[in-house]
Amino acid sequence: MAIKWNRTNKNTTGRMRTAIGFLSFVLGVSLLLSGGAFWIEAYRDRNHWMSDSLLEDYRDTTQFRNYICSCLRTFLSMGAAQPLNDYWYGDYGYDWQDSVLEMQEGVAWYGDAGIIPGDGPMSFVTVKRGESEGGPQSTDGAQPTEAQRKDYWRSQAKKIHERMKEDQNLLYRIEGVDKYSNTTDLFHLRPPDGYSFLLYFDGVKVNVYKNGEKIDIYGDGYYAEREDQWYVPGYQNFTVDESLKGVKVTIAAIDEPQLFLQGTYGKGGVSGEANYLYRLRQNLLESREQYEQSLIWMGVGLALVLLCALSFWRGKQIADVKLARLTGKLWFEPKVLLLLVPLLPLLLAVSDRVGEAVPVTVWGDGVWAEAVMDEQWWYLREQVQELLRQRGWLLTAFWCLYLLVNDLRRNYKPWKNGICAMLAASGLKQPIQRRLSRVSGLVALALLLLGAVNLNLLMYAASFSGGAPLAGAWTVCLPAVVLLIIATVFLWRLKRVWTDLGTLTDQIAAVRSGDLEHPLIVETDSDLRQAVDDLNHIQQGLHSALDQQTKSERMKVELVTNVSHDLKTPLTSIISYADLLAQEELPPQAADYVHILQEKAARLKAMVQDVFDISKAASGQLPIKPKHLDLGKLLRQTLADMSQAVEDSGLALRTALPEDAVPVYADGDRLYRVFQNLLGNALKYSLPGTRVYLALVTQGRQALVTLKNTSAAELRPGTDYTGRFVRGDESRTDGGSGLGLSIAQSFTQACNGDLRVETDGDLFTVRVTLPLDSLS
Amino acid sequence: MDEKILVVDDDKEIVGAIAASLEREGYQVLRAYDGMEALDKALDPDLRLIIMDVMMPRLDGLSALMRIRERRNLPVIVLSAKSEESDKVLGLGMGADDYVTKPFSAQELTARVRSQLRRYTSLGDVNAAGRGDIVNGRLRFDPASRELTADGEIVRLTATETGIVELLMRHIGRVFPAEEIYRRVWGGEAYAPEKTVMVHIRRIREKIELDPKEPDYLKVVWGIGYKMEPHK
């Protein structure tokens, strides 16, 4: 019990380690990735938030500088009753707009406090293009007079003053043809408390003071459109024009910006658009916080990844393997398609060429249709770049890729489980398996197409805003989806059927070739369970039957061996005493009797030895000592050995033995016995005066020995002459044991050869085939 | 002759038959019917040879053989119903000088007895033979006089037979194809050397082998050639 407990405990710990390892890896990498995405985004935006947000005082930032510069420009125009147009960018096709307000709108994302729909800053100050250069045009097309234009410019300036004067973050005083100020206690070089930044334009040059100290803003005195330069007149190559000379402007910026709102309920809202500096500073603080947080999260991510790598790497790998096992069950092609889809935009982003290579498909209205139909790849690329900035996409793409790589790495040939593999049906042996596999492949292909069409439909529906078409699409898609699921399950089941069929067929083949030891084991819910059970029973039955047979065979051999041993001892006495008798002086008749006794004792001795040999050979206990030898030579030796017997028989022996060596790898002693028996048979049972033919030829990789003789006795067709104790003459009066051919066959087979007997009328033919020696 | 031979077998008839054959040849025979009895009888100082069955009650033949060998150096012929090669090897390895499988004929056994006794008594040490003699078991060939002796008796051979014996005795254990024997003994090529060589080998066997049908020395290696089997 205690052991079991321990084991369970260990398992649980292992599972815990796996879970912790994998989770920390996923979380850590995700955090690092999204951190990276944030930084990419920050870099791509190319704003000054990153460098600016690191500065302690918001008034050291580039954005503050730019704002102050454009304020100065606007104030100068206001003070000189000149148009507020921005001509400084004219050469670059810069569209006419009030840059101060434009910047305000651009930065107004913080809190949205200043933007009120319908009462936006743009509608307040933007002048339509047709009204540029000098205000409204009279209806009859005549040019407006100088006074009219001045009036218009003044009204514009007043509007701006109206908007900006509430914002006490920026104090200003404009002294020129017209005078504007939003404060009473702002004097040259003497800003009020809490306003430690002061800019004073003396009509020619700009003087900047911070905390009472003058700051040199001109540097070497030449303006070179550098980012860190103040975009204000006063440089050697950038002076103020005549109309603005004499206008003096003082600007003071607050230390701690605040929100200044004025309830303008009468106009239907709250005006607070002008709190530019407040929003600037809040934005800076906010983005600084964002950077800090991002760094913290990335640090956490890094720590998690390190933790996983150092302590839980094994667990993570186990989780990978489990994951791969899961993904391995899916068809390869849809899996790859699904996992690669998030990566597709990346390809498009790389080049227009790649984009052109993508087949032009209308995916319904929306991004795709617009991009693809109009062949506006730049538009698509914009979308892609937008996508790249999105952390969700980045994470999805990364983890999809991770799953794919993990699948390819940990699963052995994952494409073996796929639609193409099913269609190819490679590795399947049985025709039925191949057919099932191909049909399944076709169905799966159809399913894939159906899935694609469905997905397209859903995408099309999703490209509409609002949910109604989506619901409609689902209604249309639902039957298809249900069909998809059912068919997938069906195919999965079908695959099991043909896999089981394969193993079943293999098992049948194995049983056929003699494997009776290993039963086939399939899952309990297999469709072929019954057939497998039946086969296992047959196998078991065969096994026990064969066991019985082997056992009785062995007992028979033992019996024969024992009997032949027991026969030998009395036989020794018989032979010995017969010999002794033969040496005695006996009456002639008795001497004849003794001679018969000796002869029959000798035959009995031969038979006992034959029986012993055959029982050994039949039980497969015959020791074989094979050598590389020449079959032709062996036959000649045998013939030489038996030449006396051949001569005595009165038969004519016709031999056809090749001069060249016929190499075989066999036991010479056993083969000698084979041919001795065969020749002995032929000599003994041939019709007197007939011819015996012995021939040796090679056929392909085999040596064939043929021995033909004409039988003296009538050959009964259908007799198996190689059977034990079978002989041509049933009366058994000849000198044979009936074992000669049987022994010859057993010994030939022991040498990997084959012996066949054919009869045709009185012609008795024995064919012995032996494999040629492969070494020579 | 006062040479005594001990015959040991649990089958009294076999002992009787062997004894009758040997007594006919003029030997004195001691009889024993199991291993223990054999140990007692083996103490007889006139004893020259032992014929012993392997499978016996009380003490089996091979164990008895080992015990006797501890005390006396006598030639021993082992009888057995087993004809397997491994049994022969085991028996000879245990110190038997010869091995006869049942059923055997009286002539064969007496021939073997005669051979053993000659080597053991009259010749004594076969190694005392002349220098340069080739000795293989019962056989000794003198290259100088080209004479072959078996158990000390000169074997009368024809010129061709002497040539074959000399070739095989000079390369004991090596297998010669019939063609090579023919070429080296007769000189020249023959159409069917196997038959010619075989005829001569059979004649030599009849002169040197104890049982020409089951030769111990001049052997056929089927499918390859002929050789002189090495003996100790």
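The rules behind these values
Throughout this document, residue positions are counted from 1 along each chain, in the order its sequence is written. To label them, take the chains in the order written and letter them from A, then take the ligands in the order written and number them from 1. The model is predicted, so local features are restricted to residues of pLDDT at least 70 and side-chain atom pairs to those at 80 or more, both for listing and for counting; the totals for chains, interfaces and linings are taken over all residues. Any two strands between which DSSP finds at least two bridges are classified as paired. Each helix is a run of DSSP H or I of at least 4 residues and each strand a run of E of at least 2, with the numbering of both proceeding from the N terminus. To obtain each axis, a line is fitted to C-alpha atoms, and for helices this fit is confined to the stretch in contact; angles are then taken between N-to-C directions over 0 to 180 degrees. Every residue is assigned a pLDDT by the predictor, reflecting its confidence on a scale from 0 to 100. Exposure classification rests on a simple neighbour count of other C-beta atoms within 10 Å of a residue's own: a residue reaching 20 or more is buried, one at 12 or fewer is exposed, and one in between is partly exposed. C-beta atoms are placed from the backbone. Any pair of residues counts as being in contact when their C-beta atoms, constructed from backbone geometry, are within 7 Å of one another. Each angle gets one of four labels, with under 35 degrees taken as roughly parallel, over 145 as roughly antiparallel, 65 to 115 as roughly perpendicular, and the rest as oblique. Here a crossing is called left-handed whenever its near helix is offset anticlockwise from the far helix by less than a right angle, and right-handed whenever the offset is clockwise. Nonpolar residues are Ala, Val, Leu, Ile, Met, Phe, Trp, Tyr, Cys and Pro. Charged residues are Asp, Glu, Lys and Arg, and all others, Gly as well, are polar. By our criterion, buried Ala, Val, Leu, Ile, Met, Phe, Trp, Tyr and Cys residues that link up through C-beta atoms within 7 Å make up a nonpolar core.

### Some remarks on the pairing of strand S4 (residues 206-210) of chain A
All names here are of chain A. In this sheet, S4 lies alongside strand S3 (residues 197-201) in antiparallel orientation, the contact comprising five bridges. Each residue of the ladder has a partner; that of Leu-198, found in S4, is Tyr-209. As consecutive antiparallel partners, S3 and S4 are separated by four residues, and within that stretch Gly-203 has a phi angle of approximately 105°, a positive value. The pairing of S4 with strand S5 (residues 213-215) spans three bridges and is antiparallel. Its bridge partner lying in S5, Tyr-209 is registered against Lys-214. Hairpin connection between S4 and S5: a loop of two residues separates the two successive antiparallel strands, and Asn-211 in this loop has a positive phi of roughly 50°.

### Section: the sheet that holds strand S7 (residues 139-142) of chain B
Residue and element names in this part refer to chain B. If you walk across this open sheet you meet the four strands as S6-S7-S8-S9, and the pairing is antiparallel. Across the chains shown, the open sheet's two edge strands, defined by having one partner strand only, are strand S6 (134-136) and strand S9 (153-155). Between one strand and the next, the sheet's axes are offset by a mean angle of 25°, whatever the strand orientation. Taken together, the three bridges between S6 and S7 define a ladder with antiparallel strand orientation. The residue bridging Val-135 from the neighbouring strand is Arg-140, located in S7.

### Re the confidence of the model for chain B
The share of residues in chain B with pLDDT of 70 or more is 93%, and the mean pLDDT across the chain is 84. Taken over the whole predicted complex, pTM reads 0.49, whereas the ipTM for its chain interfaces reads 0.80.

### Section: the environment of Gly753(A)
Residues and elements named next belong to chain A. Tracing the sequence through the fold places Gly-753 in the loop between helix H23 (740-750) and strand S14 (754-760). C-beta crowding within 10 Å serves as the criterion here: with 22 such atoms nearby, Gly-753 is assigned to the buried category. In contact with Gly-753, other than residues within four places in its own chain, are Thr-748, Val-768, Thr-769 and Leu-770.

### What about the packing of helix H18 (residues 529-582) of chain A against helix H19 (residues 588-618) of chain A?
Residues and elements named next belong to chain A. The N-to-C vectors of H18 and H19 enclose an angle of 160°; their axes lie 9 Å apart at closest approach. Classified by the interaxial angle, the pair formed by H18 and H19 is roughly antiparallel. Every pair of crossing elements has a handedness; the one defined by H18 and H19 is left-handed. The residues of H19 that touch H18, namely those facing Val-557, Val-560, Thr-561, Ser-564, Leu-567, Lys-568, Leu-571, Ile-574, Ile-575, Ala-578, Leu-581 and Ala-582, are Val-594, Leu-597, Gln-598, Ala-601, Leu-604, Lys-605, Val-608, Val-611, Phe-612, Ser-615 and Ala-618. In terms of residue class, the contact of H18 with H19 is built from 17 nonpolar, four polar and two charged.

### A word on unusual backbone geometry
A cis amide bond, omega -5°, links Lys102(B) with the succeeding residue Pro103(B). Although it is not a glycine, Lys413(A) adopts a positive phi angle of roughly 45°. If you trace the backbone, Lys413(A) turns up in the loop between helix H14 (391-410) and helix H15 (419-424). Judged by the 10 C-beta atoms lying within 10 Å of it, Lys413(A) is exposed. Residues other than glycine seldom take positive phi values, yet Arg146(B) does so here, at roughly 55°. Topologically, Arg146(B) is positioned in the loop between S7 and strand S8 (147-150). Residue class for Arg146(B) comes out partly exposed when judged on the 13 C-beta atoms lying within 10 Å of it.

### Observations regarding the nonpolar core
Among the nonpolar cores identified, the biggest contains 104 residues, and Ile50(B), Ile51(B) and Met52(B) are the most heavily contacted of them. Considering every element that reaches this core, the biggest residue donor is helix H22 (residues 668-685) of chain A, with eight residues. Among all residues touching Met52(B), those that are not within four sequence positions of it are Val8(B), Ala38(B), Gly61(B), Ala64(B), Leu65(B), Val76(B), Val78(B) and Leu79(B). If you look at the next biggest cluster of nonpolar residues, it comprises 39 residues, including Leu171(A), Tyr200(A), Ala253(A) and Leu280(A).

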